[in-house]
Amino acid sequence: MRLLIAEDDPLLADGLKRTLEANGFAVDHAPDGNSADHMASSQTYDLIILDLGLPGLDGFSVLKRLRRRAGGSSTTPVLVLTARTGLDDRVKGLNLGADDYLPKPFALPELEARVRALVRRGKFGASPQLQHGRLRFDTIGRRASVDDQPLELSAREVSMLETLLLSVGRVVSKEQLAEQLTGWGEVVGTNAIEVYIHRLRKKLETAGISVRTVRGLGYLLEKPGSGS
Ligand code: CA
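Here the structure is a predicted model, which is why all the values come from computation and not from measurement. (Residues numbered from 1 in each chain as written. Predicted model: local features only at pLDDT ≥ 70, side-chain atom pairs only at ≥ 80, totals over all residues. Heavy atoms only, no water.)

1. Topic: the nonpolar core
Right, so step 1: Ranked by internal contacts, the top residues of the largest apolar core, which has 27 residues, are L135, M160, L161, L164, I193, I197 and L204.
Right, so step 2: At the level of secondary structure, the elements contributing two or more residues to this core comprise β7 (135-138), β8 (143-146), α6 (155-165), α7 (174-181), α8 (190-205) and β12 (218-221).
Right, so step 3: Setting aside anything within four residues of it in sequence, one finds M160 in contact with L177, L181, I193, Y196, I197 and L200.
Right, so step 4: A6, A40, F60 and V62 belong to the second largest nonpolar core, which has 21 residues in total. (Core = buried A, V, L, I, M, F, W, Y, C linked by side-chain atoms within 4.5 Å. Buried < 20%, exposed > 50% of the residue type's maximum accessible area, 1.4 Å probe, protein only. Helix = DSSP H or I, 4+ residues; strand = E, 2+ residues; numbered from the N terminus. Contact = heavy atoms within 4.5 Å.)

2. Overview of the environment of A144
Right, so step 1: Counting through the fold element by element, A144 comes out in strand β8.
Right, so step 2: What makes A144 buried here is its relative accessible area of 4%.
Right, so step 3: A144 sits 19 residues away from T163 along the chain, and the two C-alpha atoms are 13 Å apart.
Right, so step 4: Not counting chain neighbours up to four residues away, the residues in contact with A144 comprise L135, R136, F137, Q149, P150, L151, L153 and L161.

3. Digging into the packing of aromatic side chains
Each pair of aromatic rings is reported with the distance of its centres and the angle of its planes.
Right, so step 1: According to the stated counting rule, one finds 0 aromatic pairs in the structure shown.
Right, so step 2: Sitting over the face of the ring of F25, R142 holds its NZ or CZ atom 5.7 Å from the ring centroid. (Phe/Tyr/Trp six-rings, centres within 6.5 Å; stacked < 30°, edge-to-face > 60°. Lys NZ or Arg CZ within 6 Å of the ring centre and 35° of its normal.)

4. Regarding the domain arrangement of the protein chain
Right, so step 1: Structurally, the protein chain comprises domain 1 (2-124) and domain 2 (129-221).
Right, so step 2: The distance between the C-alpha centroids of domain 1 and domain 2 comes to 27 Å.
Right, so step 3: Taken together, the 17 residues of domain 1 in the interface contact 14 residues of domain 2.
Right, so step 4: Taken together, the two surfaces of domain 1 and domain 2 that pack against each other cover about 1,200 Å², and 56% of this comes from carbon and sulfur.
Right, so step 5: For the pair domain 1 and domain 2, the number of links is 0 salt bridges.
Right, so step 6: Run the count over domain 1 and domain 2 and you get 1 residue pair in polar contact (both at pLDDT 80 or more).
Right, so step 7: Looking at the side of domain 1 that touches domain 2, its residues break down into 5 nonpolar, 4 polar and 8 charged. (Domains from an automatic or database assignment. Buried area = accessible area lost by both parts, 1.4 Å probe. Salt bridge = Lys/Arg side-chain N within 4 Å of Asp/Glu carboxyl O. Polar contact = N/O pair within 3.5 Å; in protein donor to acceptor, adjacent residues only side chain to side chain. Nonpolar A, V, L, I, M, F, W, Y, C, P; charged D, E, K, R; others polar.)

5. Some remarks on the sheet that holds strand β4 (residues 78-82)
Right, so step 1: The 5 strands lie next to each other as β2-β1-β3-β4-β5, forming an open sheet whose pairing is parallel. The two strands at the open ends of the sheet, each matched to only one other strand, are β2 (26-30) and β5 (100-103). Between one strand and the next, the sheet's axes are offset by a mean angle of 20°, whatever the strand orientation.
Right, so step 2: Pairing analysis gives 4 bridges linking strand β1 (residues 2-6) to strand β3 (residues 47-51), with the strands arranged parallel. By the bridge assignment for β3, I5 is matched with I49.
Right, so step 3: Packing against the sheet, helix α2 (residues 33-42) makes contact with β1, β2 and β3, and its axis sits at approximately 140° to β2. (Pairing = 2+ DSSP bridges. Axes fitted to C-alpha atoms, helices over the stretch in contact; angles between N-to-C directions.)

Pasting the structure below:
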């Protein structure tokens with residue numbers, strides 16, 4: 001899950017980035033409207049958190065451009081943040097295609113809850129649970145269980161499992177997995193991905209679920225019942 005935070009207040013941006021990273025998201029930060037517009041057009045995000053009062057291009061314009069791209073078919077959820085509390089701004093933001101609206105100041109747990117709800121809606125539709133054989137993954141609490149027994153996973157393992165579960169039956173490359181784990185400009189090597197996959201695979205073995213290595217391509221969770 002990859003998020004973009006467009007926010008010019010460095011303290012707030014840093015706090016948000018750290019909180020969301022601790023929740024297992026890969027987070028990129030744009031400090032002004034033009035870089036937000038550029039990043040949103042060159043990368044697909046699972047969610048954009050957009051401050052309205054940005055230097056350069058303002059948040060409304062970033063939103064307008066985002067929704068206009070791809071013939072208006074962009075479905076990236078957008079959570080608008082703003083110090084402006086006027087009803088006009090709220091209505092304007094929602095008319096331009098924002099999915100939710102959070103006035104500043106806000107409590108971090110509330111932001112986290114809204115981020116989860118929006119990402120879930122965009123990614124999973126109505127169902128918050130992913131079932132794969134005996135494994136169940138709760139996309140709200142980001143917890144995995146096997147036969148209703150909780151499975152202990154690190155934040156990175158959760159993130160990789162989620163990516164694999166969303167691509168059941170398709171090969172996921174190491175680069176795609178690495179991308180889910182890193183922020184803009186940071187690098188997680190493919191060696192590290194091999195280590196995480198090794199650990200995840202051991203934990204999933206007990207549930208009779210195998211993560212197949214497709215040599216030279218990446219990893220694959222097979223559809224349940226399709227053999228190994
Ligand atoms: Ca601002």
